[in-house]
Amino acid sequence: MLNYTISDAVLGLISDELCQLILTINIASISPVLSLIGLGGNIINIIVFMSQDFHDTVNISLLALAVSDTGTVLNNFIIDILNNPILVHSEIFIDPQEFQTAIAGLPIASFSRIASWITAYITFERCLCVVVPLRVKRLVTPKLVVFIMVSIYVMMFATIIPEYMTFYLDWKYFPDRNKTMIGMVPRKYSQAARGITFTIITFSQFLSIPLIILFTVILTAKLRQKSKWRVKTTSGADRALKNMNKKDSKVIKMITAIAVIHILCYFPAYIDLLIVITVVEFYILGHYKNSFLVAFSFSNVFEAVNSSLSIFLYYRMSTKYRRTFNNIFFKIKFID
């Protein structure tokens, strides 16, 4: 995905020097730090959600989301390391560009789309809980949610299989460096399968993000309606129902915050994909190579931001998460 070997023949709007500077800041400095924070935070999230009640479908979905975020930041960190200037310009026996594409570039594409579809599902489920709450509680069972989460993982990982079928890692000669290194060796039928993964991933991203936006808008509108309704309920008999709906509103606010952060952080990647399919030369070997590298370096940073914020968001907005977190890591009973 990202490479520090910048060609002098680039015709893009960004100079080689500026491109090198931005990549060094984003990939060698900011992104690795964010990825490590996100990796530690999401491991903690997994521990916390594993300790909670799996009868709550939201916990199951958030656990699945934490696993996908862990995969995202882990592969993002691998990409950052392999694109570090020190490693790129060293006498290493692998080609960093091709090696990172094989071991981290393709998996991160799956984990990112998994996160998008899980976020879309969570917002969709919350919409149903607001619109038809009684039916949802009967139909959306923990077993069904587990099945949906597993299905999302299986389908998204299946999308990168065609790409892995087009190459294998082996020693090969690189004329531009005049040396033999481990890289991606194409198979005989690689041209027939090439592009299938990119097409599926692009379609998936173009569908999931608009769905998240749609469901988030619905959730926000419904949350405002419920807030107005709670103000009007004043009788003693209504107070219990009022408190119950207050808990639901807290969950909706947290889910809405998760969705908004996801939309903002993945929007740069969304725009990058849109440019890739509309501008022929906007890719790593095209005339706008520098612009491509800079754009996707920012996308990597924002994806790391998305995965790193979750632990702070959960701790701030979820009483249940704070209580479990404090019981596990501080051995104290949390009183909200």
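Counting restarts for each chain, with residues numbered from 1 along the sequence as it is written. The model is predicted, so local features are restricted to residues of pLDDT at least 70 and side-chain atom pairs to those at 80 or more, both for listing and for counting; the totals for chains, interfaces and linings are taken over all residues. For side-chain calculations, the full set of non-hydrogen atoms in the structure is used, while hydrogens and water are omitted.

Note the following rule: UniProt positions are given in the numbering used here, feature names are shortened, and annotations may be inferred rather than shown by experiment.
As recorded in an unreviewed UniProt entry, the protein goes by G-protein coupled receptors family 1 profile domain-containing protein and comes from Lymnaea stagnalis. In UniProt, the protein has this text filed under Subcellular location (unreviewed entry): "Membrane".

## Overview of the overall build of the protein
Note the following rule: Helix numbers and strand numbers start at the N terminus; a helix is a DSSP run of H or I with at least 4 residues, a strand a run of E with at least 2. Relative accessibility thresholds used throughout: buried, under 20% of the residue-type maximum; exposed, over 50%; partly exposed, between the two (1.4 Å probe, protein chains only). Pairs of residues are marked as contacts when any of their non-hydrogen atoms sit within 4.5 Å. The Shrake-Rupley method, run with a 1.4 Å probe sphere, supplies the accessible areas, and residue values consider only the shown protein chains as cover.
Summing up its helical and strand segments, the protein has twelve helices and two strands in all. Relative to its full complement of 336 residues, the protein shows a buried share of 49%. Partitioning the contacts of the protein with sequence separation of at least 6, the portion at a separation of at least 24 is 75%. Put simply, the protein shows about 16900 Å² of open surface, and 70% of that area lies on carbon and sulfur atoms.

## Some points on the pairing of strand E1 (residues 167–174)
Selection criterion: In short, DSSP must find at least two bridges between two strands for them to pair.
Examined bridge by bridge, E1 and strand E2 (residues 179–186) share eight bridges and lie antiparallel to one another. Residue Phe 174 lies in a different strand from E2, and its bridge partner there is Lys 179. From the end of E1 to the start of E2, which pair antiparallel, there are four residues, and Asn 178 there has a positive phi angle of about 55°.

## Focus: the packing of aromatic side chains
The condition that has to hold: Side-chain rings of Phe, Tyr and Trp, where Trp is taken by its six-membered ring, are said to pair if the distance between their centres is within 6.5 Å; with planes under 30 degrees apart they count as stacked, over 60 as edge-to-face, and otherwise as tilted.
Applying the stated criterion to the full structure yields 15 aromatic pairs. Between Tyr 153 and Phe 157 the ring centres are 6.2 Å apart and the planes differ by 40°, which places this aromatic pair in the tilted class. Taken together, the positions of Tyr 153 and Phe 157, both in helix H6 (residues 142–158) and four residues apart, correspond to about one turn of that helix. Consider the rings of Tyr 321 and Phe 325, whose centres lie 6.2 Å apart with planes at 20°: the pair is stacked. Here the residue Tyr 321 and the residue Phe 325 both occupy positions in helix H12 (residues 319–329), the gap between them amounting to four residues, near one helical turn. By relative accessible area, Tyr 321 is classed as buried at 1%. Site record: aromatic cluster; members linked through ring pairs are Phe 49, Tyr 314, Tyr 315, Tyr 321, Phe 325, Phe 329 and Phe 330.

## Quick notes on the nonpolar core
This is how it is decided: As used here, the term nonpolar core means buried Ala, Val, Leu, Ile, Met, Phe, Trp, Tyr and Cys residues forming a set that is joined through side-chain atoms within 4.5 Å.
Counting 44 residues, the largest nonpolar core has Leu 62, Leu 65, Ile 118, Met 149, Ile 258 and Tyr 314 as the members making the most contacts within it. Among the secondary structure elements, those contributing two or more residues to this core are helix H1 (16–50), helix H2 (57–82), helix H4 (96–131), H6, helix H9 (196–232), helix H10 (236–278), helix H11 (289–317) and H12. With ten residues, the single largest contributor to this core is H10. Apart from residues no more than four positions distant in its own chain, Ile 258 is found in contact with Leu 62, Leu 65, Leu 313 and Tyr 314. Counting residues in hydrophobic clusters, the runner-up holds twelve residues, among them Ile 22, Ile 27, Leu 293 and Val 294.

## Considering the pattern of salt bridges
For clarity, the cut-off: A pairing counts as a salt bridge when a side-chain nitrogen of Lys or Arg comes within 4 Å of a carboxyl oxygen of Asp or Glu.
As enumerated under the stated definition, the model contains three salt bridges in all. The salt bridge involving Lys 320 is made with Asp 56; its shortest N-O contact spans 3.7 Å. Highlighted residues: Lys 320 in helix H12 and Asp 56 in the loop between H1 and H2, separated in sequence by 264 residues. By relative accessible area, Asp 56 is classed as partly exposed at 28%. With a shortest N-O distance of 3.1 Å, Glu 98 and Lys 172 are connected by a salt bridge. Residue Glu 98 is found in helix H4, and its partner Lys 172 is found in strand E1; the two are separated by 74 residues along the sequence. By relative accessible area, which is 18% here, Glu 98 ends up buried.

## Quick look at the state of the cysteines
Note the following rule: In this description, a disulfide is simply a cysteine sulfur pair whose atoms lie within 2.5 Å.
What the rule picks out here adds up to zero disulfides. The structure places no disulfide on Cys 127, whose sulfur is separated from the nearest cysteine sulfur, that of Cys 129, by 9.2 Å.

## Here's the deal with the UniProt feature "transmembrane region" (unreviewed entry) in the protein
UniProt annotation of "transmembrane region" (unreviewed entry) refers to residues 20–48, 144–165, 196–221, 251–271 and 291–315 when read in the numbering used here. Secondary structure across residues 144–165 comprises 86% helix and 0% strand; the distance between its end C-alpha atoms is 32 Å.

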